[in-house]
Amino acid sequence: MIKLYGYDTINTLKILMFLFETGLDFEFVPINIREGAQHTPDFRAVNPAGKVPVIFDGDTYQTESNAILLIWASRTGWGLERDSGLQAQVITWLFYQASTQGPYFGQIEYWARLTKTPNSAASTHYSAIASRAVDYLNERLKDKKYICGETYTIADIALFPWLRIHDHLGLSFENAKNLSRWHDAVLERDGTQKAISFLNEISS
Ligand SMILES: N[C@@H](CCC(=O)N[C@@H](CS)C(=O)NCC(=O)O)C(=O)O
């Protein structure tokens, strides 16, 4: 059975959404990153980078949430468009998420909320970049149900967790109706609801 090492984090949520969508059986190993469990020698043996999520498939340890999504979408045939043009788009959006959306949204969280030395210039800078990402995604979704077309894919899963907390990050969907519609559609999915409930249990 697959083992998922994770916690109530953005990147763990991606993997849980995938697992609940596909119905794959898994065992969850909580790694409390707020208490430093990611730095113990036992966990460093699992992931020397000291980060979650990690999947153990009985043979190898897999890290990097979007790589995990890609590996398991390839293995199961779920969430990766078969058409090569669409598949290329899914991969492109996974890279966009990992290189742009994730890091910049994470910086808002850091400078606005986590740091002990708030910096309004940094907050303004990263919020402006994230607002442009909201506009970009909204435009992308103007004639598409999901980010790569009619089919729900791992690209949607990868993009959702940061957008789920847009209010918390101070990002408005007021002028992003397409993105708001997409957000609600992803949120309503059974797999998403199960993944969120699972995370809530971890943090309660
Ligand atoms: N690029 C990695 C990022 C993983 C990551 O940053 N994980 C965070 C939680 S979302 C973590 O484990 N942080 C603990 C630490 O850095 O000490 C991925 O997509 O999986």
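Predicted model only: the values in this text are computed from it and were never measured.

Cut-offs applied
Residues numbered from 1 in each chain as written. Predicted model: local features only at pLDDT ≥ 70, side-chain atom pairs only at ≥ 80, totals over all residues. Heavy atoms only, no water. Helix = DSSP H or I, 4+ residues; strand = E, 2+ residues; numbered from the N terminus. Expected span 1.5 Å × (residues − 1). Buried < 20%, exposed > 50% of the residue type's maximum accessible area, 1.4 Å probe, protein only. Polar contact = N/O pair within 3.5 Å; in protein donor to acceptor, adjacent residues only side chain to side chain. Contact = heavy atoms within 4.5 Å. Domains from an automatic or database assignment. Buried area = accessible area lost by both parts, 1.4 Å probe. Salt bridge = Lys/Arg side-chain N within 4 Å of Asp/Glu carboxyl O. Phe/Tyr/Trp six-rings, centres within 6.5 Å; stacked < 30°, edge-to-face > 60°. Lys NZ or Arg CZ within 6 Å of the ring centre and 35° of its normal. Axes fitted to C-alpha atoms, helices over the stretch in contact; angles between N-to-C directions. Parallel < 35°, antiparallel > 145°, perpendicular 65-115°, else oblique. Nonpolar A, V, L, I, M, F, W, Y, C, P; charged D, E, K, R; others polar. Near = heavy atom within 4 Å. Areas by Shrake-Rupley, 256 points an atom, 1.4 Å probe, with all protein chains shown as cover. Pairing = 2+ DSSP bridges.

Peer 1: Where do I start with helix 1 (residues 10-22) in this structure?
Peer 2: Since the α-helix packs 3.6 residues into each turn, any two residues three or four apart lie on the same face. Taking 1.5 Å per residue, 13 residues should reach 18 Å; helix 1 reaches 19 Å between its end C-alpha atoms and fits that length. In terms of burial, helix 1 is largely enclosed, as 10 of its 13 residues are buried. If you check which residues of helix 1 are buried, you get Ile10, Thr12, Leu13, Lys14, Ile15, Leu16, Met17, Phe18, Leu19 and Glu21. Remark: Gly23 follows helix 1 within two positions and exhibits a positive phi of approximately 75°.

Peer 1: Help me out: how do you make sense of the side chain of Asn66 in this one?
Peer 2: Inspection of the secondary structure puts Asn66 in helix 3 (residues 65-76). With relative accessibility at 9%, the residue Asn66 sits in the buried group. A distance of 2.8 Å separates a polar atom in the side chain of Asn66 from the backbone oxygen of Leu94. When residues no more than four places from it in sequence are discounted, the contact partners of Asn66 are Lys14, Leu94, Gln97, Ala98 and Ala158.

Peer 1: Sorry, what's going on with the domain arrangement of the chain here?
Peer 2: Where the parts come together, the accessible area they lose is often given as the size of the interface. Assigned domains of the chain: these are domain 1 (2-78) and domain 2 (84-191). The C-alpha-based centres of domain 1 and domain 2 are spaced at 21 Å. On the domain 2 side, the residues contacting the 12 residues of domain 1 number 16 residues. When the two sides are added together, the surface that domain 1 and domain 2 hide from each other amounts to roughly 1300 Å², 76% of it contributed by carbon and sulfur. Where domain 1 meets domain 2, there are one salt bridge. For the side of domain 1 that touches domain 2, the elements supplying multiple residues, two or more each, are helix 1 and helix 3.

Peer 1: Any chance you could explain the packing of aromatic side chains here in plain terms?
Peer 2: The geometry of an aromatic ring pair is captured by two quantities: the separation of the ring centres and the angle between the planes. In total, this model carries 17 aromatic pairs according to the counting rule given. Note on Phe20 and Phe26: the rings are 5.6 Å apart at their centroids and 85° apart in plane angle, and the pair reads as edge-to-face. Plain terms: the ring middles of Tyr110 and Trp111 are 5.0 Å apart, the flat faces sit at 85° to each other, and that makes the pair edge-to-face. Joined through ring pairs, the aromatic side chains of Tyr5, Phe43, Phe56 and Tyr61 make up one cluster. Geometry around Trp72 places Arg75 over its ring, the cationic atom sitting 4.7 Å from the centre.

Peer 1: What's the story with the packing of helix 1 against helix 3 in this structure? I'm lost.
Peer 2: Contact pair helix 1 / helix 3: the axes reach a minimum separation of 9 Å and the direction vectors enclose 10°. Put simply, helix 1 runs roughly parallel to helix 3. Here Asn11, Lys14, Ile15 and Phe18 of helix 1 lie close against helix 3, whose contacting residues are Ser65, Asn66, Ile68, Leu69, Trp72, Ala73 and Thr76. Grouping the constituent residues of the contact of helix 1 with helix 3 by class yields six nonpolar, four polar and one charged.

Peer 1: Is there a simple way to think about the site of the ligand in this case?
Peer 2: Around the ligand, the surrounding shell consists of Thr9, Asn11, Ile33, Gln38, His39, Gly50, Lys51, Val52, Pro53, Glu64 and Ser65. Separating an oxygen atom of the ligand from a side-chain N or O atom of Gln38 is a distance of 2.8 Å. Between the ligand and Glu64, the relevant distance is 2.7 Å, taken from a nitrogen atom to a side-chain nitrogen or oxygen of the residue. Taking 510 Å² as the accessible area of the ligand by itself, protein coverage stands at 72%. Grouping the amino acids of the shell around the ligand by side-chain chemistry returns three nonpolar, six polar and two charged.

Peer 1: Could you clarify how one ought to interpret helix 5 (residues 120-140) in this entry?
Peer 2: Over its 21 residues, helix 5 extends 30 Å from the first C-alpha to the last, a length consistent with the 30 Å expected when each residue adds 1.5 Å. Looking only at helix 5, the buried set comprises Ala122, Ser123, Tyr126, Ile129, Ala130, Ala133, Val134, Leu137, Asn138 and Arg140. Contacts made by the buried residues of helix 5 are with helix 4 (84-114), helix 6 (154-164) and helix 7 (177-188). The N-cap residue of helix 5 is Asn119: its side-chain oxygen and the backbone nitrogen of Ala121 are 3.0 Å apart.

Peer 1: Help me understand the sheet that holds strand 1 (residues 2-6) in this model?
Peer 2: As a general point, the strands of a sheet are linked pairwise by backbone hydrogen bonds and lie either parallel or antiparallel. Spatial strand order, 2-1-3-4: four strands in an open sheet with mixed pairing. Because the sheet does not close on itself, it has two edges, and the strands there are strand 2 (26-30) and strand 4 (61-63). Averaged over neighbouring strand pairs, the angle between their axes works out to 25° when direction is ignored. Where strand 1 lies against strand 2, five bridges are found, and the strand directions are parallel. Looking at the pairing, Leu4 lines up with Phe28 of strand 2.

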